[in-house]
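Letter by letter, the chains look like this.
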Amino acid sequence: MMEKFKSYFNLTLILILGWSFVGCQPSTKHSENNTVNEQPYILHLGQQGISDFVKYNDGQVDRQPAGAGFRELDFSPPHLGKIRIENGPNSFVIDHIFSVLGTSFNQADGIQGLDIDAGLNKDEFVSPEQAYQGYVNLMKQLNQAGWKNYFYRSDARISIKDNIKYLLEWGDIIDPNYIFNYEEWKKIVISKRNGSLGYTLYANGVILKLSIDKTNEKDGKEQYMVRYAFDTVRYNQRNLIDDAEHNIDTYKMTATELEQAFKKELVLDKKAREIDEKEAISKGYHIDENYVDPDIWPYVK
């Protein structure tokens with residue numbers, strides 16, 4: 001569970017700094033042109049992401065004393081944004097966007113994180129059936145784009161046969177290929193989880209933490225917010241190594257030192273996972289013995 005804690009802490013830090021940025025900087029609006037052209041903006045992570053933001057927000061950036069840089073795009077209803085997240089064969093389009101925050105903690109790596117708030121549907125309030133269809137469309141798109149469930153290396157590999165059990169206890173889905181039918185959506189997701197679902201997905205060197213949250217209900221109609229938090233696995237892993245090595249800057253390490261630190265982290269992760277899996281088994285969970293960690297070292301080094 002430690003990986004989850006670190007990830008949530010990093011996301012909270014990003015959001016806190018991002019909200020500070022929003023509060024002290026003028027918003028950059030591009031909604032009218034985007035709506036007329038019906039062409040999505042294209043955003044990359046990495047160095048290309050810097051160029052993308054320069055193109056779309058006239059180069060506006062908030063630089064923090066610690067070296068972090070924040071770039072923002074805002075869209076106002078009814079002209080919400082449409083953005084294509086470019087990630088090779090795993091690229092996909094996000095609709096109904098309110099805001100985008102691009103984060104860079106190390107300028108050499110460009111955009112290391114993208115936090116996007118969007119609606120589940122085009123309209124703010126929709127019928128339960130429309131909300132459900134929005135969920136179905138989103139999950140089909142992610143599955144078609146090849147995004148897979150991702151376990152942090154220190155976490156228990158819970159089997160997909162415990163998908164519902166894990167959702168009810170933790171609020172996360174471990175089988176993104178399983179799409180709830182409408183009755184399950186109403187009974188399990190809406191009633192049991194208060195309209196909240198979470199996913200941790202991976203594709204091509206990028207980790208995506210996705211949440212779908214029911215935020216309001218009025219006159220029999222529902223409002224949902226979808227939050228996408230993209231991190232490069234390079235940033236994620238180097239940040240974990242920094243933490244394990246007591247804030248040693250991985251960018252100041254030699255190639256050999258970095259590889260040794262990475263291997264040390266693998267050992268620590270395995271020990272933590274063994275403890276986590278024993279606890280999970282004691283609670284009646286099954287372990288997926290066939291799960292294979294994606295090879296992230298090429299992105300980290």
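Residues numbered from 1 in each chain as written. Predicted model: local features only at pLDDT ≥ 70, side-chain atom pairs only at ≥ 80, totals over all residues. Heavy atoms only, no water.

## Remarks on the side chain of Ser104
By the element assignment, Ser104 lies in strand 5 (residues 92-104). Within the structure, the side chain of Ser104 is placed 3.2 Å from the backbone oxygen of Asn106, a separation counted as a polar contact. Separated by 2.7 Å, the side chain of Ser104 and the backbone oxygen of Gly110 make a polar contact. Setting aside residues no more than four positions away along its own chain, Ser104 makes contact with Gly67, Ala68, Gly69, Gly110 and Gln112. (Helix = DSSP H or I, 4+ residues; strand = E, 2+ residues; numbered from the N terminus. Polar contact = N/O pair within 3.5 Å; in protein donor to acceptor, adjacent residues only side chain to side chain. Contact = heavy atoms within 4.5 Å.)

## Here's the deal with the confidence of the model for the protein
Chain-level statistics for the protein give a pLDDT mean of 87 and a share of 85% at 70 or above. Highest mean pLDDT in the protein belongs to strand 6 (residues 113-119) (98); lowest belongs to helix 1 (residues 2-24) (41). The low-confidence segment residues 5-28, where pLDDT is below 50, has 35 contacts with residues more than four positions distant or belonging to other chains. Segment residues 31-37 is flagged for pLDDT under 50; beyond a separation of four residues in sequence, or across chains, it makes 10 contacts in the model. (pLDDT = per-residue confidence, 0-100.)

## So, unusual backbone geometry
Between Pro77 and Pro78 the backbone carries a cis peptide bond, its omega angle lying at 5°. By the element assignment, Pro78 lies in the loop between strand 3 (69-74) and strand 4 (81-86). For Asn194, which is not glycine, the phi torsion reads 55° and is therefore positive. Positionally, Asn194 belongs in the loop between helix 6 (182-193) and strand 9 (196-203). Judged by its relative accessible area of 60%, Asn194 is exposed. (Buried < 20%, exposed > 50% of the residue type's maximum accessible area, 1.4 Å probe, protein only.)

## Quick look at the pairing of strand 11 (residues 221-232)
Counting buried residues in strand 11 gives 10 out of 12 residues, a clear majority hidden from the surface. The pairing of strand 6 with strand 11 spans seven bridges and is antiparallel. Paired with Asp115 across the two strands is Ala229, which belongs to strand 11. Of the strand pairs in this sheet, strand 10 (residues 206-218) and strand 11 are connected by 12 bridges, and their pairing is antiparallel. The residue bridging Ser211 from the neighbouring strand is Arg227, located in strand 11. (Pairing = 2+ DSSP bridges.)

## A few points about the pairing of strand 10
Taken together, the eight bridges between strand 9 and strand 10 define a ladder with antiparallel strand orientation. Bridging across to strand 10, Tyr202 finds its partner in Ile207. The turn joining strand 9 and strand 10, which pair antiparallel and follow one another in sequence, is formed by two residues; a positive phi near 55° is taken by Asn204. The antiparallel hairpin formed by strand 10 and strand 11 contains two residues in its connecting segment, where Asp219 sits at a positive phi of about 55°.

## So, the pattern of salt bridges
This structure, assessed with the given rule, holds 14 salt bridges. One salt bridge connects Asp293 with Arg157, and the closest N-O pair in it is separated by 2.4 Å. Here Asp293, found in the loop between helix 8 (255-282) and helix 9 (297-300), pairs with Arg157, found in the loop between strand 7 (148-149) and helix 5 (163-170); they are 136 residues apart in sequence, far enough to count as distant. Accessibility expressed as a relative area gives 4% for Arg157, which makes it buried. One salt bridge in this structure joins Lys283 and Glu279, with 3.5 Å as the shortest N-O distance. Assessed through its relative accessible area of 41%, Glu279 is described here as partly exposed. A cluster of three or more residues bridged by salt bridges with shared partners is formed by Asp117, Asp213 and Arg227. (Salt bridge = Lys/Arg side-chain N within 4 Å of Asp/Glu carboxyl O.)

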